[in-house]
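Residue-level structural notes
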Amino acid sequence: MSVVPQEISMDLPVIDLDVYLNNPVDSPEVRAECEKAAKALITYGALVLHDSRVAEKDNETFLDLLEDYFAQPEEDLRKDERPELSYQIGVTLENTEKPKCAVDEPCLNVIQRLAPEERPLDISGHHPDPKCRFFWRMAEQPPYETKFPGLNADNVVPQAPHIKERWNPAMQQWGTSMKSAVEGLTEMTAVGLGLPAGTFKDAGKYGPHLLAPTASDLVKYGQKDTILAGFHTDLNFLTIHGRSRYPGLHIWARNTGKRIAVKIPAGNYLLVQAGKQLEHITGGLIKAGFHEVVVNERTVEVIEKRKQQFPDRPLIRISSTFFWHLNSDHDLAPIPKLAEEAHRLRAEQFNLGRDEGEEKTYPPMKVGELVQEELKHIALMA
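Residues numbered from 1 in each chain as written. Predicted model: local features only at pLDDT ≥ 70, side-chain atom pairs only at ≥ 80, totals over all residues. Heavy atoms only, no water.

Side note on the layout of surface pockets
- Approximately 900 Å³ is the volume attributed to the second largest pocket.
- Lining the second largest pocket are 42 residues, with R243, S244, R245, Y246 and P247 positioned closest to its centre.
- Secondary-structure elements contributing two or more residues to the lining of the second largest pocket are α3 (56–70), β6 (214–217), β7 (227–232), β8 (238–242), β12 (291–294), α9 (297–309) and β13 (316–324).
- Looking at the lining of the second largest pocket residue by residue, the classes come out as 14 nonpolar, 14 polar and 14 charged. (1 Å grid on protein atoms, 1.4 Å probe; cavity = no way out; pocket = protein on both sides within 12 Å on 5 of 7 lines; lining within 4 Å. Points joined across faces, edges and corners; volume = space filled by probe spheres on them. Helix = DSSP H or I, 4+ residues; strand = E, 2+ residues; numbered from the N terminus. Nonpolar A, V, L, I, M, F, W, Y, C, P; charged D, E, K, R; others polar.)

The following block contains the structure:
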């Protein structure tokens, strides 16, 4: 007898960080909210996080600054490029980063297993993404000599007068808000998985965390079905997003194979996605979430609306993104009890008719080695 897969809601669970911050860690409310967070990451690879400390006005200030920055001439932007550091600090211009999935066989198999109507826009041409990015490090300098200095380099500060004076305050304010929120979630996730609260946060104390906005020129790339960031997963531990002014982010829930158009509620809500480092340390119990950014019908509607409402503002889609990393020198290996649970869940999914493809292995390595390997795949590191 075949088992009918249970339908899972298309709405991402909302996790309330306030519950964790304002109650004893051993209280029933905290335990329940932490278990809900862990389950959300296992099931969807993503969740919506509520944190009353986060101010939407800080995100708006950040978005204004980055729109103005990326509206500069290309020759000014190039001054902030650091290709010799694998673009892991400063600016990366459009048509540099390639979506790994275009040529990565396991990733192509993921796409193939999706129902045709749920698949991402076609990336088989392996064209680089028409997006720019800026990496601003939000890290505590390690008290030891790291084996990965290129992943822990000093920040680049843009020099244009109308940018420079606003840069540090806006980047630090918004970056600190997102970093505090995501570090709270690392503790909740650990508790929800039955681990000590500091398991992940301590391992990321000296991680090369990055405030990492992307920018897409919607004058050049505003046509419907344009791929701004091709189907991919993130190489870090957790990615956290504030609201963008333009929709277009799609994610895929692990246990349904359904494409979800992301909607982050207004106010102090953030989107969080699992990355490769979290997948590795949990032995695949939590999978890195696949996602893409495209110009869809709603994007086109907002483009036209903003043209009317803000005719003097740059027409640039900024993603309000933060990458939280484990320490580059941390020894990365699956936690045994989580790897066992991952095997059990995989078998359960198979019995429900959900084929997750060939089983992955997660060999012991330094976090920095995993990052460097992923950077080679996306053409940012030679």
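After that view of the structure, there is still more to cover.
Examining the pattern of salt bridges
- Throughout the structure, instances matching the rule amount to 24 salt bridges.
- R245 is paired through a salt bridge with E60; the nearest N and O atoms lie 2.6 Å apart. With R245 in the loop between β8 and β9 (249–252) and E60 in helix α3, the pair connects residues that are 185 residues apart, well separated along the chain.
- Judged by relative accessible area, which is 16%, R245 ranks as buried.
- Among the salt bridges present, the one from R344 reaches E341, with a minimum N-O distance of 2.6 Å. Here E341 and R344 lie together in helix α10 (residues 336–351), a separation of three residues that amounts to about one turn.
- On the basis of relative accessibility, which here comes to 41%, the residue R344 falls in the partly exposed class.
- Judged by relative accessible area, E341 falls into the partly exposed class, the value being 30%. (Salt bridge = Lys/Arg side-chain N within 4 Å of Asp/Glu carboxyl O. Buried < 20%, exposed > 50% of the residue type's maximum accessible area, 1.4 Å probe, protein only.)

Quick look at the packing of helix α2 (residues 28–44) against helix α6 (residues 161–192)
- Taken N-terminus to C-terminus, the directions of α2 and α6 make an angle of 95°; their axes are 7 Å apart at the nearest point. Regarding the angle of α2 to α6, the classification is roughly perpendicular. Across the interface between the two elements, R31, E33, C34, E35, A37, A38 and L41 from α2 touch L185, M188, T189, V191 and G192 from α6.
- Grouping the constituent residues of the contact of α2 with α6 by class yields seven nonpolar, two polar and three charged. (Axes fitted to C-alpha atoms, helices over the stretch in contact; angles between N-to-C directions. Parallel < 35°, antiparallel > 145°, perpendicular 65-115°, else oblique. Contact = heavy atoms within 4.5 Å.)

Some points on the packing of α3 against α6
- Where α3 contacts α6, the axes come no closer than 9 Å and their chain directions differ by 140°. When the axis of α3 is compared with that of α6, the two are oblique. Crossing angle aside, the handedness with which α3 passes α6 is left-handed. Between α3 and α6, the contacting residues are D58, N59, T61, F62, D64, L65, L66, D68 and Y69 on the first element and H162, I163, R166, W167, A170, M171, Q173, W174 and S177 on the second.
- Here the contact of α3 with α6 is composed, by residue class, of nine nonpolar, five polar and four charged. (Left-handed = near helix turned anticlockwise from the far one by under 90°.)

Comments concerning empty space enclosed by the protein
- Applying the stated criterion to the full structure yields one cavity of 30 Å³ or more.
- Of the pockets and cavities examined, the largest cavity occupies roughly 40 Å³.
- Around the largest cavity, the lining residues are Q88, L151, P208, L210, H325, S328 and V371.
- Classifying every residue of the lining of the largest cavity gives four nonpolar, three polar and no charged.

Looking at α10
- Between its first and last C-alpha atoms α10 spans 23 Å; for 16 residues at 1.5 Å apiece the expected length is 22 Å, and the two agree.
- Buried within α10 we find L338, A339, A342, L345 and Q349. Down the axis of α10, the smallest arc covering the buried residues is 120°, so these residues share one side. Summarising the geometry of α10, the exposed residues directed more than 90 degrees from the buried face are P336, E340 and N351.
- Summarising the contacts, the buried residues of α10 are in contact with α2 and α8 (276–281).
- Positive phi appears at G353, one or two residues downstream of α10, with a value of about 85°. (Expected span 1.5 Å × (residues − 1). Arc of directions from axis to C-beta.)

Some remarks on the side chain of D68
- With respect to the helices and strands, the residue D68 is situated in helix α3.
- Relative accessible area serves as the criterion here: at 17%, D68 is assigned to the buried category.
- The contacts of D68, once residues within four sequence positions are left out, are H162, I163, R166, R313 and P314.

Digging into the environment of V302
- Within the secondary structure, V302 sits in helix α9.
- Given a relative accessible area of 10%, V302 falls into the buried group.
- For the pair formed by V302 and N268, sequence separation is 34 residues and the distance between their alpha carbons is 21 Å.
- In this structure V302 touches R245, Y246 and P247, once residues within four positions along its chain are discounted.

Any functional reading would require information beyond the geometric quantities listed.
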